[in-house]
Number of protein chains: 2
Amino acid sequence: MTDNTFYTDESMQGQYKLFDLGDFVLEEDHETLRGAKLAYRTFGHLNQAKDNAVLVTTWFSGTGKIMEDVYIGANHALDPATYFIIVVDQIGSGTSSSPNNTPVPQSHARFPKVRIGDDVRAQHKLVTELFGIDSLALVVGGSMGGQQVYEWAVRYPSAVRRAAPIAATARISHHQVIFTQSLQEALTSDPNWNDGWYKAGTDVRTGMGRMAKIVANLGWSAEFYQEERWRTVLGMSSPTDFINGVMKAYFDPMDPNTLLAQIWKWQRADVSRHTGGDIAAALGRIEADTLVLPISHDLFFPPHEHSADHALIPNSELRVIESKEGHFALNGFEPNYMGQVDGHLRDLLAR
Amino acid sequence: MTDNTFYTDESMQGQYKLFDLGDFVLEEDHETLRGAKLAYRTFGHLNQAKDNAVLVTTWFSGTGKIMEDVYIGANHALDPATYFIIVVDQIGSGTSSSPNNTPVPQSHARFPKVRIGDDVRAQHKLVTELFGIDSLALVVGGSMGGQQVYEWAVRYPSAVRRAAPIAATARISHHQVIFTQSLQEALTSDPNWNDGWYKAGTDVRTGMGRMAKIVANLGWSAEFYQEERWRTVLGMSSPTDFINGVMKAYFDPMDPNTLLAQIWKWQRADVSRHTGGDIAAALGRIEADTLVLPISHDLFFPPHEHSADHALIPNSELRVIESKEGHFALNGFEPNYMGQVDGHLRDLLAR
């Protein structure tokens, strides 16, 4: 059984710290994740009033490393010279508590089911207990990170002054549930899957490869393919070169159980769990000044679904980020994308 | 080895005839499909001038039965009182020569590879030799049927007076190639697939079910799911009820090898094969008065890809069919869809 140590190695993930959550009781069946840990990294300094803290969350298959590399720096809205920026990896990411790094009896296929609400409660513990922060200047994240932003704003309304969910909805759509089931089935149908008790993640590469291709069906836009942006933006020589050299190569170092832990969570994100299924009531709770940021060509979380959320959030504004990459524009492959995000976040932070 | 006779039974497919193509040499490796047959049905009467003939083609997983039920009749533009309507099932459909009905040594997994060009040459043979028709008043079809329409208009420009490709493009997009590969992988990864030598199609239902779910990811629009049109339009009680009761139930009676034969063909449709890869030159050949008919919310063949084709066709008009069902609006579940199609086809036929 591999621990995929190369994935958590500093050369891939940069430097991060671990926050000890102790024995952490989860929402699903009240199972306890024992010795739970959150991976996090910070940038900049917390001021004396403790009112300059920004929380950055992470998406499916991502960690704080991509947020550090693409979203944070002197040339970005998230500038460590001004803000104390805390980036927290989601549970199941491979760095925070995950199937690949949790000791028996909760390792691998026995890793308990984790929900977005668990992540946000754990993050709240980190923010309040480790740093003594009661109020966040901004919570921002994309995709599953955006699902966490919504959970923060609904669960802890008074603790979130500004919220910026990017390419995410407050409640998972039926479309995404079906899509994510396709990902699960692609992976678990690998003959070496063995109910999650594969010897090494590399044994399940056939299923992982099928999954990577299905991700590519909706992760990038039709325009991305039509205009051969896999060539102009990503520098790949053909669609096959793109699938093998980008999509499969991206997922290859990851542990299949960790991806499934995240998918299970992704397909259940729903802030209306707080209000008996009433999404209007849930979003009506939000006190944060909220910037809803869809990506124009996103097939995962299309703009019209963001509009529906925006209409239900009291103090919110909708701004569409234009990018023909679709959902994966989030990775910042083209400079136009980050320019827009920085502009929107600067406006939000200035008010 | 099942012959899926229930699928070709009159109760499922209605009445159709078989046109004998004899030994038919295919484009791919010049393999000969021996004793090749085209399933067809006709409606109305051919006039003396032989200028009132309309050819209707079929899509992936469909046969002439759905075209007969939804597109043809006294209340439609394709009215047998005025037109002699020939509906031809594509090769590999399960009714025309297909893996499930072709004798050894070309049965099942040994069925030769067939291209859209083969279909259209076979159809041309039927139209000219059986009916003595030199010029078609209209060639119309949706999805893979639309791919055949384009092939007709480019291959036999003077034989096609009007063309109406619905929800189809003249050349398959990279996006669709990758998507259709996902379908193939879902099916052939079934442990009972056995390189196509399964005993009965029902043995491969796990892979078929995975495939059905992936089809559902792009076959219907995000709005279809968001607005719960699986409930209001299709009468299903939940997304799971929809996936099991519509998508899987639809594919269940079909033979896996026949679906793969069609997918192989689908992902290679490309009229620019006639012009050394020059799509502008290929579409420039079209003499037909052409109505390009995308469906507004289609994720298989999105409207912007139709616009690109339309711009290259000399005598063409683009009209978008509005439907939130997306690609599967083709099946005519909602009356608004056929009303629009009939309106457009009546306009085209009147000029």
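Scope of this entry: the structure provided in the associated data block. Quick caveat, the model's predicted, so the values are computed rather than measured.

**What about the packing of aromatic side chains?**
All names here are of chain B.
Logical step 1: Under the counting rule described, the total for this entry stands at 40 aromatic pairs over all chains.
Logical step 2: Centre to centre, the rings of F84 and F131 are 5.1 Å apart; their planes meet at 75 degrees, and the pair counts as edge-to-face. With F84 in strand 4 (residues 84-88) and F131 in the loop between helix 4 (116-130) and strand 5 (138-142), the pair connects residues that are 47 residues apart, well separated along the chain.
Logical step 3: We classify F131 as buried; its relative accessible area is 16%.
Logical step 4: Summarising the aromatic geometry, the rings of F224 and F242 are spaced 5.3 Å apart at their centres and angled 55 degrees between planes, so their arrangement reads as tilted.

**Regarding the pairing of strand 1 (residues 17-25) of chain A**
All names here are of chain A.
Logical step 1: Two strands pair when backbone bridges link them, and strand 1 and strand 2 (residues 32-43) are joined in this way by seven bridges, in the antiparallel orientation. Residue pairing in the sheet places G22 in a bridge with A36 of strand 2.
Logical step 2: Hairpin remark: strand 1 followed by strand 2, antiparallel, with six residues in the connecting loop; positive phi at D29, about 60 degrees.

**Remarks on the nonpolar core**
Logical step 1: By size, the foremost hydrophobic cluster in this structure holds 168 residues, and its most contacted members are F242 and M247 of chain A together with F242 and M247 of chain B.
Logical step 2: When sequence neighbours within four positions are dropped, the list of residues in contact with M247 of chain A reads A212, V215, A216, W220, F242 and F328 of chain A.

**Here's the deal with unusual backbone geometry**
Logical step 1: In this model, V104 of chain A is joined to P105 of chain A through a cis peptide bond whose omega is 5 degrees.
Logical step 2: You will see that D29 of chain A, though not glycine, has its phi angle at about 60 degrees, which is positive.
Logical step 3: Mapped onto the fold, D29 of chain A is located in the loop between strand 1 and strand 2.
Logical step 4: For D29 of chain A, a relative accessible area of 65% gives the class exposed.
Logical step 5: Positive phi values are uncommon outside glycine, yet H108 of chain B reaches one of about 50 degrees.
Logical step 6: Mapped onto the elements, H108 of chain B comes out in the loop between strand 4 and helix 4.
Logical step 7: Residue class for H108 of chain B comes out buried when judged on its relative accessible area of 9%.

**A look at the pattern of salt bridges**
Logical step 1: Following the criterion strictly, the structure yields 40 salt bridges over all chains and no others.
Logical step 2: Close ionic contact of E227 of chain A with R229 of chain A constitutes a salt bridge, the shortest N to O distance being 3.2 Å.
Logical step 3: Residue classification places R229 of chain A among the buried positions, given a relative accessible area of 16%.
Logical step 4: In this structure, R319 of chain B and D347 of chain B form a salt bridge, with 2.8 Å as the shortest nitrogen-oxygen distance. Of this pair, R319 of chain B sits in the loop between strand 8 (316-318) and helix 14 (335-350) while D347 of chain B sits in helix 14; the two residues are 28 residues apart in sequence, bridging distant segments of the chain.
Logical step 5: Several salt bridges converge on common partners, so that one network encompasses E227, R229, K324, E325 and E334 of chain A.

**A look at the relation of the copies chain B and chain A**
Logical step 1: Of the two same-sequence chains, chain B is brought onto chain A (RMSD 0.0 Å, axial shift 0.0 Å) by a rotation of 180 degrees. Viewed as a symmetry operation, the transformation between the two copies matches a two-fold axis.
Logical step 2: Most of the interface of chain B is mirrored in chain A, where 100% of its interface residues are also at the interface.

**A few points about the interface of chain B and chain A**
Logical step 1: Chain B puts 26 residues into the contact, and the matching count from chain A is 27 residues.
Logical step 2: One salt bridge in this structure joins E185 of chain B and K213 of chain A, with 2.8 Å as the shortest N-O distance.
Logical step 3: Viewed at the interface, chain A and chain B are joined by 16 residue pairs in polar contact (both at pLDDT 80 or more).
Logical step 4: With seven residues, the single largest contributor to the side of chain B that touches chain A is helix 6 (residues 174-188) of chain B.

**Focus: empty space enclosed by the protein**
One simple way to see leftover space: roll a probe sized like a water molecule over the atoms.
Logical step 1: Using the criterion set out here, one finds two cavities of 30 Å³ or more in the structure.
Logical step 2: In this model, the largest cavity occupies a volume close to 60 Å³.
Logical step 3: Along the walls of the largest cavity sit S182, E185, A186, S189, R210 and I214 of chain A together with S182, E185, A186, R210 and I214 of chain B, which together make up its complete lining.
Logical step 4: Contributions of two or more residues to the lining of the largest cavity are made by helix 6 (174-188) and helix 7 (205-219) of chain A together with helix 6 and helix 7 (205-219) of chain B.
Logical step 5: Taken together, the residues of the lining of the largest cavity break down into four nonpolar, three polar and four charged.
Logical step 6: Space inside the second largest cavity adds up to approximately 40 Å³.
Logical step 7: Around the second largest cavity, the lining residues are V56, W59, M67, Y71, L78, V140, G141, G142, I166 and L330 of chain A.
Logical step 8: At the level of elements, helix 3 (64-71) and strand 5 (138-142) of chain A are the ones that each hand at least two residues to the lining of the second largest cavity.
Logical step 9: Examining the composition of the lining of the second largest cavity, we find that three residues originate from one element, strand 5 of chain A, more than from any other.
Logical step 10: Residues of the lining of the second largest cavity, tallied by class, amount to eight nonpolar, two polar and no charged.

Calculation rules
Residues numbered from 1 in each chain as written. Chains lettered and ligands numbered in written order. Predicted model: local features only at pLDDT ≥ 70, side-chain atom pairs only at ≥ 80, totals over all residues. Heavy atoms only, no water. Phe/Tyr/Trp six-rings, centres within 6.5 Å; stacked < 30°, edge-to-face > 60°. Helix = DSSP H or I, 4+ residues; strand = E, 2+ residues; numbered from the N terminus. Buried < 20%, exposed > 50% of the residue type's maximum accessible area, 1.4 Å probe, protein only. Pairing = 2+ DSSP bridges. Core = buried A, V, L, I, M, F, W, Y, C linked by side-chain atoms within 4.5 Å. Contact = heavy atoms within 4.5 Å. Salt bridge = Lys/Arg side-chain N within 4 Å of Asp/Glu carboxyl O. Least-squares fit on C-alpha atoms with pLDDT ≥ 70 in both. Polar contact = N/O pair within 3.5 Å; in protein donor to acceptor, adjacent residues only side chain to side chain. 1 Å grid on protein atoms, 1.4 Å probe; cavity = no way out; pocket = protein on both sides within 12 Å on 5 of 7 lines; lining within 4 Å. Points joined across faces, edges and corners; volume = space filled by probe spheres on them. Nonpolar A, V, L, I, M, F, W, Y, C, P; charged D, E, K, R; others polar.

Everything listed here is a matter of coordinates, which is why it stays silent on function.
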